[in-house]
Amino acid sequence: MEVTLHEITVRDLVENYEDHNEEGITGYDNRLDIRPPFQREFIYTGKQRAMVIDTLTKGFPLNVMYWSVKEDGNYEIIDGQQRTVSICQYVHGIFSYKDRYFHNLREEEKDQILKYPLTVYLCEGTDSEKLDWFETINI
């Protein structure tokens, strides 16, 4: 399996974010399947998702994410679904952080979040290699 380092911004991640409930969640300009079939439902509590946004606003490093490269060149999340959904939901106004919704932030505060760099490892290989990798990173 080949694993390569990739960096994207929050702005890129949240572009064309769509949550279709049971039909799935997409982002990254419809190129990222955020909730593929093997992923569990979103279960972060309000406190946990606030901690993700707190990390972004303070400029602390957020844990890396792992995406699988699909045959069509698009991606699906192997690890990082709940962090991804938390970020997308906040930027799209689904919840507030410290009693402020994203659209109520000052432009420089929005810009700080949207420019935040996310570290993503892109994984290419067979389905069995990807499953092995998923099991390894979730130990």
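Basis of the calculations
- Residues numbered from 1 in each chain as written.
- Predicted model: local features only at pLDDT ≥ 70, side-chain atom pairs only at ≥ 80, totals over all residues.
- Heavy atoms only, no water.
- Pairing = 2+ DSSP bridges.
- Helix = DSSP H or I, 4+ residues; strand = E, 2+ residues; numbered from the N terminus.
- Contact = heavy atoms within 4.5 Å.
- Axes fitted to C-alpha atoms, helices over the stretch in contact; angles between N-to-C directions.
- Buried < 20%, exposed > 50% of the residue type's maximum accessible area, 1.4 Å probe, protein only.
- Arc of directions from axis to C-beta.
- Core = buried A, V, L, I, M, F, W, Y, C linked by side-chain atoms within 4.5 Å.

Caption draft 1: How the structure looks around the sheet that holds strand β4 (residues 32-33). What the seven strands build is an open sheet, ordered β1-β7-β5-β6-β4-β3-β2; its pairing is mixed. The open sheet has two edge strands, β1 (2-9) and β2 (18-19), and neither has a second partner. Of the strand pairs in this sheet, strand β3 (residues 25-27) and β4 are connected by two bridges, and their pairing is antiparallel. From the neighbouring strand, G27 faces β4, where its bridge partner is L32. Across the sheet, helix α3 (residues 81-91) lies against β2, β3, β5 (65-69), β6 (75-79) and β7 (117-124), angled at about 120 degrees from β6, the strand it touches most.

Caption draft 2: Fine view of helix α4 (residues 107-114). Within α4, burial applies to E109, K110, I113 and L114. For α4, the buried positions fall inside an angular range of 130 degrees around the axis, keeping them on one side. In α4, those exposed residues whose orientation departs by more than 90 degrees from the buried face are E107 and E108. Where α4 is buried, its residues contact β1, α1 (10-14), α2 (46-58) and α3.

Caption draft 3: Quick look at unusual backbone geometry. Despite not being glycine, D29 shows a phi value in the positive range, around 60 degrees. Take D29: its relative accessible area is 35%, and that puts it in the partly exposed class. Backbone geometry at K98 places phi at a positive 50 degrees, although glycine is not the residue there. Mapped onto the fold, K98 is located in the loop between α3 and α4.

Caption draft 4: View of the pairing of β5. The element β5 is largely enclosed, with a buried count of five among its five residues. Going residue by residue along β5, you find M65, W67 and V69 tucked away on one face and Y66 and S68 tucked away on the opposite face as well. Bridge count between β5 and β7: four bridges; the pairing is parallel. Its bridge partner being in β7, S68 is matched across the sheet by C123. Direction of pairing for β5 relative to β6: antiparallel, over a ladder of four bridges. Residue pairing in the sheet places Y66 in a bridge with D79 of β6. Where β5 folds back on β6, the antiparallel hairpin that results is connected by five residues, among which G73 adopts a positive phi of roughly 90 degrees.

Caption draft 5: Highlighting the nonpolar core. Counting residues in hydrophobic clusters, the biggest one holds 33 residues, and the most contacted among them are V10, W67, I87 and L118. Listed by contribution, the elements that provide at least two residues to this core are α1, α2, β5, β6, α3, α4 and β7. Setting aside chain neighbours within four positions, we find I87 in contact with V10, L13, V14, V52, I53, L56, L62, M65 and L118.

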